[in-house]
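Structure at a glance
What follows is each chain in one-letter form.
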Amino acid sequence: YDHQYYEKGLSFNQDYNREKQVIKDHAQPVIQITGGYIKLTFAHAAKGKITFTRPSNNLLDKVFQLDSGSGTEVDIPVGSMTRGQWRLVFDWISNKKSYLYQKEVFIK
């Protein structure tokens, strides 16, 4: 018996709704990896965080704060990060709406 069952269910529903909001609003960030940076372009000004998770070693996971200010672009330095497969988890607010988006990338 899981004592956290109810809380986990509520969290799952909230995450699911935020993921659906990304699709509904066509708000997927555009991701470009160039010259030691990941350039993220959002549909509107964004504020939140991005979590880089490494499937093969969770000790390498990193969290970066996102704040595009009044613009729509954010650059994240990745030059010192381990090369290979990463899962990016975006958690942000834009135009008073909450979004959650996940994407697999390969850093060379």
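My aim in this report is to walk through the structure given alongside it, one point at a time. (Residues numbered from 1 in each chain as written. Predicted model: local features only at pLDDT ≥ 70, side-chain atom pairs only at ≥ 80, totals over all residues. Heavy atoms only, no water.)

1. Things to note about the side chain of Arg54
- Position of Arg54 relative to the elements: it lies in the loop between strand E3 (47-53) and strand E4 (62-67).
- With no salt bridge to any partner, buried Arg54 finds its closest opposite charge in Asp61, at an N-O distance of 7.6 Å.
- There is a polar contact of 3.0 Å between the side chain of Arg54 and the backbone oxygen of Arg83.
- With near-sequence residues (within four places) excluded, Arg54 lies in contact with Leu60, Asp61, Thr82, Arg83, Gly84, Gln85 and Trp86. (Helix = DSSP H or I, 4+ residues; strand = E, 2+ residues; numbered from the N terminus. Buried < 20%, exposed > 50% of the residue type's maximum accessible area, 1.4 Å probe, protein only. Lys, Arg positive; Asp, Glu negative; His and termini not counted. Salt bridge = Lys/Arg side-chain N within 4 Å of Asp/Glu carboxyl O. Polar contact = N/O pair within 3.5 Å; in protein donor to acceptor, adjacent residues only side chain to side chain. Contact = heavy atoms within 4.5 Å.)

2. As for the sheet that holds E4
- Taken in spatial order, the four strands line up as E4-E3-E6-E7 in an open sheet, and their pairing is antiparallel. In this open sheet, the two strands that pair with only one neighbour each are E4 and strand E7 (97-107). Here the average twist between neighbouring strands, direction ignored, is 20 degrees. (Pairing = 2+ DSSP bridges. Axes fitted to C-alpha atoms, helices over the stretch in contact; angles between N-to-C directions.)

3. Topic: the sheet that holds strand E1 (residues 30-34)
- Read across the sheet, three strands follow the order E1-E2-E5 without closing on themselves; strand pairing throughout is antiparallel. One side of each edge strand has no neighbouring strand; the edge strands of this open sheet are E1 and strand E5 (73-77). This sheet shows a mean twist of 20 degrees between the axes of neighbouring strands, independent of strand direction.
- Relative to strand E2 (residues 37-41), E1 runs antiparallel, the two sharing five bridges. Paired with Gln32 across the bridge in E2 is Lys39.

4. Overview of the nonpolar core
- Judged by nonpolar contacts, the single largest core of 21 residues is most densely connected at Phe52, Leu66, Ile76, Phe90 and Trp92.
- Those residues within four positions of Phe52 in sequence are excluded, and the remaining contacts are Ile38, Asp61, Lys62, Phe64, Ile76, Val78, Met81, Trp86, Arg87, Leu88 and Ile107. (Core = buried A, V, L, I, M, F, W, Y, C linked by side-chain atoms within 4.5 Å.)

5. Describing the side chain of Ser94
- The residue Ser94 is located in strand E6 (residues 84-94) in this model.
- We classify Ser94 as buried; its relative accessible area is 5%.

Such coordinate-based values are descriptive only and should not be taken to indicate function.
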